[in-house]
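Listed below, chain by chain, are the residues.
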Amino acid sequence: MLRRLLKDKSAVVCVAFIVVVMAAGLLADTVPLNNPNKVNVLAKLQAPSFAYPLGTDHLGRCTLSRLVHGIRPTIFLSLLTMCCTIALGSAIGLLSGYFRGRVDEVVMRVCDVMLSFPSQVMILAVVGVLGPGMMNVVAANILIKWAWYGRMIRSSVIRYGEKGYVLFSKVSGTGAPYIVFRHLLPGVASELLVLASLDMGWVILNISTLSFLGLGVQAPTAEWGAMLNEAKDVMVRAPLQMLVPGVAIMTVVAAFNMLGDSLRDALDPKTV
Amino acid sequence: MLFPMLLGISFIAFVLVNLIPADPAEVALRINDIQPTEEAIALMREELGLDRPFFTRYLQWLSKSTRFDFGATFTNANRTVAGEIARSLPATLELSAAALVIVIGSSLLLGVSCALYRDTLFDRSVRLFVFLGTAMPNYWVGLLLMWFFALKLDLLPTSGGGGWKNLILPAVTLSLTYISTYIRLIRNNMIENMSEEYVLYANARGLKQRTVVFGHVLRNSLHSCVTALGMSVPQLIAGAFVVENVFAWPGIGRLCISAIFNRDYPVIQAYILVMGVLFIFCNLAVDILHCFMDPRLRRSS
Amino acid sequence: MENVLSVRDLHISVRGEKPLSLVKNVSFDVEAGRCLGILGESGSGKSLTCGSLVGLLGSEYAVSGEVRFNGRNLLTANREELRRLRGAEISMILQNPMTSFDPLRTIESHILETLRAHGRVSRKEALAAGREMLARMRIEDPDGAMRRYPHQMSGGMLQRTMIGLALLLGPKLIVADEPTTALDSITRFEVVEEIRRMREEYECAMIFVSHDLGVLASVADSVLVMHEGEVVEKGELRRVFASPRSEQARYLLGTRFSLIDRFRRMVRNEGGAPSRMDYAAASF
């Protein structure tokens with residue numbers, strides 16, 4: 001599968017782009033950028049210049065610097081959310097699919113209830129209960145999506161579980177954990193990867209939306225959604241402030257979406 | 001099936017709010033700028049009925065809810081939650097309805113055109129637009145539209161509820177997310193259906209291209225789209241809160257957001273319940289519509 | 001007898017960087033009132049040939065040659081001309097009746113739209129014509145049948161409806177592309193009988209594609225044998241079946257004969273030259 005993926009030029013471009021962005025986020029502190037939190041009211045809302053390549057926001061902070069520093073909350077929080085969601089969903093899905101019986105039924109009922117609730121309402125409900133804050137937003141997202149992954153993994157497990165080599169393992173007496181990790185997981189992993197990359201975009205949009213509303217990341221942390229929230233108040237005087245974070249979100253989400261599409265095509269035997 | 005779900009949702013709503021670490025009585029006092037002394041808290045607890053056991057409170061809340069009595073809001077003891085919701089729900093429904101009309105209209109038009117003129121420049125540009133559209137945060141689009149149409153061109157008002165002029169920008173913004181999905185859905189469905197055998201037979205009988213496309217292909221394609229659309233209606237209504245916030249549209253989403261900031265728990269609770277109920281009824285309506293549209297399902301319904 | 005249809009040097013290939021030739025140098029004539037059978041295994045190009053006659057192939061195919069009908073070369077006709085021909089002068093009967101009808105529309109609706117596509121017809125007239133057609137196809141309760149949806153009818157009934165629809169506007173030529181292949185043996189027999197009866201009553205020319213020798217023997221007057229996109233043999237049915245000249249034809253007939261032979265030996269214990277009726281009986 002990896003070979004097919006590498007042949008797809010757009011996929012390679014997307015992966016390269018995402019890697020560059022993430023590296024920039026990780027190295028934000030070491031790269032020579034202006035201090036993202038340094039307030040300089042005299043320099044507020046300046047047009048792009050050599051000192052401030054993307055201008056300044058309403059508190060005189062360097063927009064480029066805030067953009068780069070904002071990679072961490074926006075993207076890494078989303079990654080954290082995804083990993084936890086997948087871990088939780090997979091664990092439950094694997095166990096449920098492998099053991100079947102009563103456990104499976106109960107778990108599926110719970111998943112059904114969780115999935116039937118409109119996700120936006122659930123997010124608001126959870127954030128409403130826990131209050132605004134970064135980790136609360138992450139928790140809300142995990143709570144909503146785990147059921148979906150749980151379901152997917154469970155049906156994959158059931159499908160793969162009926163394949164010959166797994167039955168053979170069971171018959172020859174190998175222990176359950178071995179079967180689960182050695183046989184089931186790799187087969188399921190590739191499907192997971194496709195779902196995850198397609199979902200990543202959704203999570204990024206969700207987290208930035210909540211930050212935009214003031215429910216997620218709190219000031220003065222730089223985060224793209226929060227930056228847009230601040231930019232909307234100065235829309236008339238400095239429209240650039242409104243464009244920059246939005247374009248950033250759009251390109252990163254688009255990259256993940258395209259990657260997910262390419263992964264899905266690479267996995268699909270019909271397009272060989 | 002329906003009733004237990006309703007019960008389940010109400011239970012979840014109640015449980016969630018009661019999981020709050022903060023003491024609701026204290027919060028209620030603070031919001032109204034009353035000093036939370038020991039006595040005041042005790043009085044408030046009694047007033048809110050918080051001193052009674054969990055299930056009693058749940059049943060009481062549930063029975064009151066069926067009579068649409070959600071109690072008073074924390075922020076202003078003079079206003080009832082029911083009243084607030086009654087005031088703001090129609091605005092959200094109006095916005096959602098307008099967005100739905102735009103979604104249906106544009107996605108039908110563009111989806112069908114793309115399927116008919118497959119792989120032309122038009123098709124490819126629309127697909128690019130769709131792809132970018134799903135990657136753009138909708139509040140950002142709202143801001144851009146606001147900046148362009150309201151501020152630059154000064155054609156429309158920037159915010160507030162009211163007449164159709166105020167409705168346009170928020171409705172267009174809200175519809176954008178869903179348009180992308182539906183254009184793609186309709187286009188793919190139509191392309192798939194065009195290679196079905198009944199299309200070959202229709203052509204073999206000498207039917208006009210227009211009849212084949214609209215009478216046969218489109219009708220079959222719409223089938224699955226209607227189901228998907230129906231499922232999105234509650235999502236549309238629920239997701240309106242962002243757009244309402246950007247354009248200061250006085251809807252139920254905006255109400256909930258301010259309730260979250262104000263820690264106004266009765267409002268949040270009622271919001272969850274109302275949205276949950278709405279969701280279930282929408283699903284029911286879709287199921288019925290689905291049966292109605294497909295003669296193959298009518299026997300079993 | 002004059003030719004209803006004349007095909008000369010028909011070439012069909014798939015467009016692309018490396019065009020793939022699928023049908024080469026196909027030429028044949030269909031005389032008025034006669035039935036031409038086209039015999040060949042899957043992939044021999046039979047269906048493509050049929051589809052190309054009235055311009056039903058998609059744009060990914062390139063078709064060249066000459067298809068003369070009513071004095072016109074159909075391959076150079078414009079879309080509207082071809083559309084008017086289809087269903088009215090040249091009708092088709094397809095292989096899969098179950099999937100050829102729109103599942104969301106009633107039989108009545110199919111009949112109405114077919115008639116309306118070819119002229120002004122009032123609803124009453126159209127329904128009356130439809131009812132009469134279904135009755136002639138020996139479908140019981142024509143009124144009930146018209147109001148039914150395709151999934152509520154059996155394969156045999158749908159196929160008979162298709163045959164009826166093909167005849168509705170009095171075509172000069174009917175192109176039947178493996179109309180009995182998807183049916184079970186008993187239904188196949190009924191439909192073949194229907195087609196024979198229809199041919200006697202209506203005297204329209206026919207092209208009948210099949211890989212089933214028994215069915216062809218019951219219906220066709222002359223036969224065209226196709227193999228890998230080319231015509232390997234042409235001639236009167238009796239002659240071709242009794243003494244095939246080309247290798248492929250001999251192979252096709254030979255393999256079938258050995259099956260039929262066993263059956264006949266089991267049932268009758270007789271030798272002698274096979275007759276047309278024997279084929280018909282032996283095809284189930």
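None of the values given here were measured: they were computed from a predicted structure.

1. Observations regarding the pairing of strand E2 (residues 20–31) of chain C
Residues and elements named next belong to chain C. Of the strand pairs in this sheet, strand E1 (residues 3–14) and E2 are connected by 8 bridges, and their pairing is antiparallel. Bridge pairing links Leu5 to Val30 in E2. Connecting E1 to the next strand, E2, in antiparallel fashion are 5 residues, including Gly16 with a positive phi near 150°.

2. Side note on the domain arrangement of chain C
Residue and element names in this part refer to chain C. Its domain assignment divides chain C into domain 1 (3–243) and domain 2 (244–284). One C-alpha centre belongs to domain 1, the other to domain 2, and the line joining them spans 27 Å. At the interface, 22 residues of domain 1 touch 14 residues of domain 2. Carbon and sulfur atoms make up 63% of the area that domain 1 and domain 2 hide from each other, which totals about 1700 Å². For the interface between domain 1 and domain 2, the tally reads 0 salt bridges. Where domain 1 touches domain 2, the interface holds 3 residue pairs in polar contact (both at pLDDT 80 or more). Going through the elements one at a time, helix H8 (185–202), helix H9 (213–219), strand E9 (222–227), strand E10 (230–236) and helix H10 (237–242) are the ones with two or more residues in the side of domain 1 that touches domain 2.

3. Here's the deal with the layout of surface pockets
Taken as a whole, the second largest pocket holds about 1800 Å³ of empty space. Taken together, 48 residues make up the lining of the second largest pocket; nearest its centre are C:Gly55, C:Leu56, C:Leu57, C:Gly58 and C:Ser59. Listing elements by their share of the lining of the second largest pocket, those giving two or more residues are helix H5 (81–116), helix H8 (164–194), helix H9 (197–204) and helix H10 (209–247) of chain B together with helix H1 (46–53), strand E4 (61–69) and helix H2 (79–85) of chain C. Per-class residue counts for the lining of the second largest pocket are 26 nonpolar, 11 polar and 11 charged.

4. A look at the sheet that holds strand E8 (residues 205–210) of chain C
All names here are of chain C. Spatially, the 6 strands line up as an open sheet ordered E6-E7-E8-E3-E9-E10, and their pairing is mixed. In this open sheet, the two edge strands, each paired with only one partner strand, are strand E6 (90–93) and E10. Mean inter-strand twist for the sheet, computed between neighbouring axes without regard to direction, equals 15°. With 4 bridges joining them, E6 and strand E7 (residues 173–177) adopt parallel strand pairing. For Met92, the partnering residue across the bridge sits in E7 and is Val175. With respect to the sheet, helix H7 (residues 155–167) is in contact with E6 and E7, its orientation differing from that of E6 by roughly 175°. Against the sheet, H8 contacts strand E3 (35–39), E7 and E8, and its axis sits at roughly 160° relative to E8.

5. Describing the interface of chain A and chain B
Across the boundary between the two partners, chain A contributes 36 residues, which contact 39 residues of chain B. For the chain A and chain B pair, buried surface summed over both sides reaches about 3500 Å², with 82% attributable to carbon and sulfur atoms. A per-residue breakdown of the area chain A buries against chain B is headed by A:Leu124, A:Val129 and A:Leu213, which together make up 18% of the total. Run the count over chain A and chain B and you get 0 salt bridges. For the pair chain A and chain B, the number of links is 2 residue pairs in polar contact (both at pLDDT 80 or more).

6. A closer look at the environment of A:Phe50
All names here are of chain A. Take Phe50: it is sitting in the loop between helix H2 (9–26) and helix H3 (63–69). Given a relative accessible area of 84%, Phe50 falls into the exposed group. Sequence-wise, Phe50 and Ile86 are 36 residues apart; in three dimensions their C-alpha atoms are separated by 43 Å.

7. So, the packing of aromatic side chains
Applying the stated rule across the entire model yields 4 aromatic pairs over all chains. Ring plane angle 90° and centroid distance 5.2 Å describe the contact between B:Phe148 and B:Phe149, whose orientation is recorded as edge-to-face. Residue classification places B:Phe148 among the partly exposed residues on the basis of a relative accessible area of 40%. Look at B:Phe149 and you get partly exposed, because its relative accessible area is 28%. A centroid spacing of 5.4 Å and a plane angle of 65° characterise the contact between B:Tyr201 and C:Phe101, whose relative ring orientation is edge-to-face. With B:Tyr201 in helix H9 and C:Phe101 in the loop between helix H3 (97–100) and helix H4 (107–116), this residue pair bridges two chains. Each of the two residues, B:Tyr201 as well as C:Phe101, counts as buried. Between A:Lys145 and the ring centre of A:Trp202, over which it is positioned, the NZ or CZ distance is 4.7 Å.

8. A look at the pairing of E9(C)
Residues and elements named next belong to chain C. Counting buried residues in E9 gives 6 out of 6 residues, a clear majority hidden from the surface. Across the two faces of E9 the burial is the same, with Ser222, Leu224 and Met226 and Val223, Val225 and His227 all buried. Where E3 and E9 come together, 4 bridges link them in parallel fashion. From the neighbouring strand, Leu36 faces E9, where its bridge partner is Ser222.

9. Focus on the pattern of salt bridges
Summed over all chains, the structure comprises 26 salt bridges over all chains. C:Lys172 is the partner of C:Glu89 in a salt bridge, and the nearest nitrogen-oxygen pair spans 3.3 Å. Separated by 83 residues along the polypeptide, C:Glu89 in the loop between H2 and E6 and C:Lys172 in the loop between H7 and E7 bring together distant segments of the chain. For C:Lys172, a relative accessible area of 39% corresponds to the partly exposed category. Between C:Glu132 and C:Arg136 there is a salt bridge, with the nearest N and O atoms lying 2.5 Å from each other. With C:Glu132 and C:Arg136 both in helix H5 (residues 123–136) and 4 residues apart, this pair spans about one turn of that helix. Look at C:Arg136 and you get partly exposed, because its relative accessible area is 35%. It is possible to trace a salt-bridge network through shared partners that takes in B:Asp119, B:Asp123, B:Arg127 and B:Arg187.

Parameters at a glance
- Residues numbered from 1 in each chain as written.
- Chains lettered and ligands numbered in written order.
- Predicted model: local features only at pLDDT ≥ 70, side-chain atom pairs only at ≥ 80, totals over all residues.
- Heavy atoms only, no water.
- Pairing = 2+ DSSP bridges.
- Helix = DSSP H or I, 4+ residues; strand = E, 2+ residues; numbered from the N terminus.
- Domains from an automatic or database assignment.
- Contact = heavy atoms within 4.5 Å.
- Buried area = accessible area lost by both parts, 1.4 Å probe.
- Salt bridge = Lys/Arg side-chain N within 4 Å of Asp/Glu carboxyl O.
- Polar contact = N/O pair within 3.5 Å; in protein donor to acceptor, adjacent residues only side chain to side chain.
- 1 Å grid on protein atoms, 1.4 Å probe; cavity = no way out; pocket = protein on both sides within 12 Å on 5 of 7 lines; lining within 4 Å.
- Points joined across faces, edges and corners; volume = space filled by probe spheres on them.
- Nonpolar A, V, L, I, M, F, W, Y, C, P; charged D, E, K, R; others polar.
- Axes fitted to C-alpha atoms, helices over the stretch in contact; angles between N-to-C directions.
- Buried < 20%, exposed > 50% of the residue type's maximum accessible area, 1.4 Å probe, protein only.
- Phe/Tyr/Trp six-rings, centres within 6.5 Å; stacked < 30°, edge-to-face > 60°.
- Lys NZ or Arg CZ within 6 Å of the ring centre and 35° of its normal.

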